[in-house]
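# Structural overview for review
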Amino acid sequence: MTGTTTAEKLADLHARLEKAQDPGSERARAKRDAAGLTSPRQRIDRLLDKGSFVEIGALGRTPDDPEAPYGDGVVTGYGRINGRPVAVYAHDKTVYGGSVGETFGRKVCEVMDMAIKIGCPVIGIQDSGGARIQDAVTSLAMYSEIARRQLPLSGRSPQISIMLGKCAGGAVYAPVTTDFVIAVEGRAEMYVTGPDVIREVTGEDITSAELGGAHQQALNGNISYVAPTEDEAFNYVHDLLEYLPSSCDEPAPEYWAPADEAVVGDSVLDTFIPNDPNAGYDMLDLLGKIFDSDDVLEIQPDYAPNIITAFSRIDGRPVGIVANQPLHLAGCIDADAADKAARFIRICDAYNVPIIFVVDTPGYLPGVQQEKVGLIHRGAKLGFAVVEATVPKISLIVRKAFGGAYAVMGSKNLTGDINLAWPTAQVAVMGAAAAGVMIQGRQLAAAPPEQREYMKKLFMDFYNENMTSPYVAAERGYIDAMIEPNQTRLMLRQALRQLATKEEPEMRKKHTIMPM
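Criteria and cut-off values
- Residues numbered from 1 in each chain as written.
- Predicted model: local features only at pLDDT ≥ 70, side-chain atom pairs only at ≥ 80, totals over all residues.
- Heavy atoms only, no water.
- UniProt positions renumbered as here; feature names shortened; annotations may be inferred.
- Salt bridge = Lys/Arg side-chain N within 4 Å of Asp/Glu carboxyl O.
- Helix = DSSP H or I, 4+ residues; strand = E, 2+ residues; numbered from the N terminus.
- Buried < 20%, exposed > 50% of the residue type's maximum accessible area, 1.4 Å probe, protein only.
- Phe/Tyr/Trp six-rings, centres within 6.5 Å; stacked < 30°, edge-to-face > 60°.
- Arc of directions from axis to C-beta.
- Pairing = 2+ DSSP bridges.
- Core = buried A, V, L, I, M, F, W, Y, C linked by side-chain atoms within 4.5 Å.
- Domains from an automatic or database assignment.
- Contact = heavy atoms within 4.5 Å.
- Axes fitted to C-alpha atoms, helices over the stretch in contact; angles between N-to-C directions.
- Polar contact = N/O pair within 3.5 Å; in protein donor to acceptor, adjacent residues only side chain to side chain.

The protein is annotated in an unreviewed UniProt entry as Carboxyl transferase domain protein from Corynebacterium durum F0235. Quoted verbatim from the Sequence similarities (unreviewed entry) field of the UniProt record, the comment on the protein reads "Belongs to the AccD/PCCB family."

Glancing now at the pattern of salt bridges. Counted by the stated rule, this structure contains 35 salt bridges. The closest approach of N and O atoms between D113 and R149, which form a salt bridge, is 2.8 Å. You can see D113 sitting in helix α4 (residues 102–118) and its partner R149 sitting in helix α5 (residues 137–153), a full 36 residues away along the chain. Among the residues examined, D113 registers a relative accessible area of 25% and is labelled partly exposed. Classification of R149 by relative accessible area gives buried; the value is 14%. The residue D417 makes a salt bridge to K502 at a minimum N-O spacing of 2.8 Å.

A separate point is the packing of aromatic side chains. What the rule picks out here adds up to five aromatic pairs. Plain terms: the ring middles of Y243 and F311 are 5.8 Å apart, the flat faces sit at 15° to each other, and that makes the pair stacked. Of this pair, Y243 sits in the loop between α10 (230–241) and α11 (267–270) while F311 sits in strand β11 (residues 307–314), placing them 68 residues apart in sequence. The class of F311 is buried, set by a relative accessible area of 0%. An angle of 85° between the planes, with centres 5.5 Å apart, marks the rings of F272 and Y281 as edge-to-face. Assigned by exposure class, F272 and Y281 land together as buried. Cluster of aromatic residues (ring-pair linked, three or more members): F180, Y243, F311 and F344.

With that settled, the discussion passes to helix α6 (residues 170–177). For α6, the full list of buried residues reads A171, V172, A174 and P175. Buried residues of α6, viewed axially, fall in a sector of 160°; they line one side.

A few words now on the pairing of strand β5 (residues 159–163). Among the five residues that make up β5, five are buried, leaving the element largely enclosed by the rest of the structure. In the sheet, strand β4 (residues 122–126) pairs with β5 via five bridges, with the strands oriented parallel. Within β5, the position partnered with I123 by the bridge is I160. Pairing between β5 and strand β7 (residues 180–184): four bridges, direction parallel.

A few words on the nonpolar core. Buried together is how nonpolar side chains tend to be arranged in soluble globular proteins. Among the nonpolar cores identified, the biggest contains 62 residues, and L47 and F311 are the most heavily contacted of them. When residues of this core are assigned to their parent elements, the largest contribution, eight residues, is made by helix α13 (residues 335–350). Split by domain, the residues of this core number at least three in each of domain 1 (18–242) and domain 2 (260–425 + 479–499). Beyond its immediate stretch of four places on either side in the chain, L47 contacts I81, V88, I123, I125, I162, F234, V237 and H238. Y78, A87, A115 and M163 belong to the second-largest nonpolar core, a separate cluster that totals 29 residues.

It is worth spelling out the sheet that holds strand β2 (residues 74–81) at this point. Overall, mixed pairing links the seven strands, which are arranged β1-β2-β3-β4-β5-β7-β9 in an open sheet. The strands lining the two open edges of the sheet, one partner per strand, are β1 (54–56) and β9 (225–227). Each strand axis lies, on average, 20° off the axis of its neighbour in the sheet, ignoring direction. On top of the sheet, α4 reaches β1, β2, β3 (84–91), β4 and β5; it is set at about 20° to β2, its chief contact.

Once that is clear, we can look at the side chain of S99. With respect to the helices, strands and loops of the structure, S99 is situated in the loop between β3 and α4. Relative accessible area serves as the criterion here: at 5%, S99 is assigned to the buried category. Side-chain polar atoms of S99 contact the backbone oxygen of Y96, separated by 2.7 Å. Contact partners of S99, with chain neighbours within four places excluded, come to D72, F104, S128, G129, G130, A131 and R132.

Structure follows, in structure tokens:
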């Protein structure tokens with residue numbers, strides 16, 4: 001009974017809202033607390049600016065069940081991060097295991113609909129048992145309703161998933177459809193079918209951590225970042241949003257940057273590239289020296305580490321970075337790296353974030369296994385994404401730029417706007433060693449053994465002087481400027497300023513058809 005007087009009605013409201021604050025059963029709450037886990041509202045309070053959360057649907061519950069707990073397994077609402085609006089929802093594992101039911105689905109759809117209308121990020125804190133079996137087809141319908149709203153949001157406003165527990169079945173499809181997935185090591189697990197089902201159906205024996213643990217799914221390419229703790233996961237989301245706009249119709253946040261005079265003359269850059277063209281170095285060390293600060297936020301650092309995708313800033317403005325990593329596969333582009341870079345380029349293009357390519361690659365990775373896993377179409381996907389992107393695209397060649405890998409790393413002919421190169425750059429169809437085999441293999445094989453090394457060196461010296469020299473490319477207009485490394489930060493600033501008003505007309509059609 002709600003009572004008849006205003007005071008009684010207010011007391012009833014307070015009681016209901018109080019019960020809705022942590023509506024799980026006493027047993028479920030005790031289990032959560034004993035494990036040292038946070039509640040969904042604590043997670044939301046940690047993510048959002050203090051006092052900014054406005055909840056909706058707190059009193060929602062399963063229809064026609066007077067004993068059903070409030071919330072229906074999810075907390076939903078709006079708030080702010082660094083003063084900017086976001087929509088947020090968090091699964092409540094103490095209510096129906098955080099599984100999706102009718103009211104659960106309607107609540108999540110409500111905040112997603114609002115985000116579509118106003119243009120703000122949607123952040124889902126995931127900790128779900130999957131579909132609510134007792135709700136039968138209704139649960140599946142709600143999954144579909146949530147998925148349907150991800151399409152109008154995709155590329156309009158950032159969508160971020162934070163994985164804080166086990167998510168199985170349909171509960172993993174929504175997160176991997178978002179732009180970024182952040183998972184907590186030792187806590188998050190993701191799989192379509194769990195180890196028990198796999199054991200029953202296929203006979204394979206595997207633990208849930210081995211199957212879908214955060215580290216494993218990062219290696220599989222399904223996770224953007226593995227955080228060591230829940231707190232670090234929220235910090236990563238805060239950092240990520242600093243590089244992204246609230247919607248594609250707004251600019252990304254800008255920050256203070258030093259004057260032009262303060263960013264030139266870094267002599268360390270002049271000696272950064274090793275004299276030995278085959279010597280390795282850490283590209284991340286270089287990236288930290290050519291952007292506004294050493295704040296380089298990597299996306300998917302554990303997946304295809306031979307290519308780096310990251311956010312940083314130039315002149316106080318966010319940029320996306322696609323860079324080859326010589327420490328892994330010598331910086332070759334394999335099928336996984338092509339997928340990783342292509343998706344990141346599309347994210348940057350969707351949110352109007354300029355792209356900087358930092359190039360040091362000997363080419364696409366050769367090998368039988370690469371052909372089997374689809375390097376042809378997956379490698380083509382990277383070139384497709386580069387051409388499709390209309391944001392400013394700047395390429396900086398610091399060392400090797402060979403073959404098709406040169407082309408897809410922001411080359412002029414694949415619609416790169418400005419190409420810069422250091423004097424240490426090499427641009428060619430292939431490197432001197434490989435060219436020696438292709439062009440002079442027979443002559444070298446026929447020569448006396450004691451002369452082969454000498455003849456090979458003569459050829460390689462000639463090839464490097466006349467074929468891989470960056471001045472050959474510069475003479476033909478494929479490089480806009482040869483620059484001193486110590487001038488790099490200034491030149492990147494000037495290039496972005498030049499491209500600040502870039503526009504490309506769109507050809508009338510429904511949509512492109514990306515390679516498989």
